[in-house]
Amino acid sequence: MKLDEIDKKLLNILQQNAKLTTKEIAFRLEMSNTAIHERIKRLEREEVISKYVALIDTEKINKNFLVFCHVKLIQHNKEHITKFEKEILKLDEVLECIHVSGDYDYILKIYVSNMKEYRSFLINKLTTIKVIASTQSTFMINQVKNNTSISLL
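Computed from a predicted model, the values in this text were never measured in an experiment.

### Examining helix H1 (residues 5-16)
Residues spaced three or four apart along an α-helix face the same direction, because each turn holds 3.6 residues. Helix length check: H1 (twelve residues) gives 17 Å between terminal C-alpha atoms against 16 Å at 1.5 Å per residue, within 8%. Those residues of H1 that fall on the buried side of the exposure criterion are Asp-7, Leu-10, Leu-11, Asn-12, Ile-13 and Leu-14. The distance from a side-chain oxygen at the start of H1 to the backbone nitrogen of Ile-6 is 3.1 Å, and the residue carrying that oxygen is Asp-4.

Here it is as structure tokens:
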């Protein structure tokens, strides 16, 4: 799907605040409510907009211990990849699982309360996945930048 400049502006606005009303967005883009509504519906239908979410302050829910866990599989073959990916989808602590190239096969983004909780997760959940050969964990010291929007202009 080809996005025009208005689509891009609309998506940038929605990425910053998806709770804005159609009327507020229409005012910003100097368009009618109906035109904005139709564009949003088209972007949803075409799955350019995949979902709407609320971003939660991890400190306020006591889940601000961020871990990046690098995972190496026993063998990098279809059977092991499929098994690992199926199992990792079951783990709520894992927010993101990215298949990568290089020394490791995957990078996991994990949020827990503290080191004790991470240790428990590692021992009782992650390392029970039989196709994992090794893991290496890196812990966040300070978050310098965290942006959820992709600039389209």
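### Looking at the environment of Leu-66
Checked against the element boundaries, Leu-66 lands in strand E1 (residues 65-73). Counting along the chain gives 27 residues from Leu-66 to Arg-39, while the straight-line C-alpha distance between them is 37 Å. Beyond its immediate chain neighbours, meaning those up to four positions away, Leu-66 contacts Lys-109, Ile-110, Tyr-111, Thr-138, Phe-139, Met-140 and Gln-143.

### Focus: the sheet that holds E1
Read across the open sheet, the four strands follow the order E2-E3-E1-E4; overall the sheet is antiparallel. Of all strands in the sheet, those with a lone pairing partner are strand E2 (94-99) and strand E4 (132-139), marking the two edges. Recorded for the sheet is a direction-independent mean angle of 20° between the axes of neighbouring strands.

### Here's the deal with the nonpolar core
Counting 20 residues, the largest nonpolar core has Phe-84, Leu-108, Ile-110 and Leu-126 as its most contacted members. At the level of secondary structure, the elements contributing two or more residues to this core comprise E1, helix H4 (78-88), strand E3 (106-112) and helix H5 (115-124). Within the second largest apolar cluster, twelve residues are counted, among which are Leu-10, Leu-11, Leu-29 and Ile-36.

### Describing the side chain of Arg-39
Its place among the elements puts Arg-39 in helix H3 (residues 33-45). Residue classification places Arg-39 among the buried residues on the basis of a relative accessible area of 16%. A polar side-chain atom of Arg-39 sits 3.0 Å from a polar atom in the side chain of Asp-4. Leaving out residues up to four positions away in the same chain, Arg-39 has contacts with Asp-4, Ile-6, Asp-7, Leu-10 and Met-31.

### Remarks on the UniProt feature "domain: HTH asnC-type" (unreviewed entry) in the protein
The UniProt feature table records "domain: HTH asnC-type" (unreviewed entry) at residues 3-64. From the first C-alpha to the last, residues 3-64 spans 36 Å; its make-up is 53% helix and 0% strand.

### A word on the pairing of E2
Bridge count between E2 and E3: five bridges; the pairing is antiparallel. Its bridge partner being in E3, His-99 is matched across the sheet by Tyr-106. Counting the residues between successive antiparallel strands, the hairpin from E2 to E3 contains six residues, one of them, Gly-102, with a positive phi of roughly 115°.

### Some remarks on the packing of H1 against helix H2 (residues 22-29)
It is at 11 Å that the axes of H1 and H2 come closest, and there the two elements cross at 130°. Comparing the axis directions of H1 and H2 gives the class oblique. Crossing of H1 over H2 shows right-handed handedness. Contacts between H1 and H2 involve Ile-6, Lys-9, Leu-10, Ile-13 and Leu-14 on the former and, on the latter, Ile-25, Arg-28 and Leu-29.

The rules we used
Residues numbered from 1 in each chain as written. Predicted model: local features only at pLDDT ≥ 70, side-chain atom pairs only at ≥ 80, totals over all residues. Heavy atoms only, no water. Helix = DSSP H or I, 4+ residues; strand = E, 2+ residues; numbered from the N terminus. Expected span 1.5 Å × (residues − 1). Buried < 20%, exposed > 50% of the residue type's maximum accessible area, 1.4 Å probe, protein only. Polar contact = N/O pair within 3.5 Å; in protein donor to acceptor, adjacent residues only side chain to side chain. Contact = heavy atoms within 4.5 Å. Pairing = 2+ DSSP bridges. Axes fitted to C-alpha atoms, helices over the stretch in contact; angles between N-to-C directions. Core = buried A, V, L, I, M, F, W, Y, C linked by side-chain atoms within 4.5 Å. UniProt positions renumbered as here; feature names shortened; annotations may be inferred. Parallel < 35°, antiparallel > 145°, perpendicular 65-115°, else oblique. Left-handed = near helix turned anticlockwise from the far one by under 90°.

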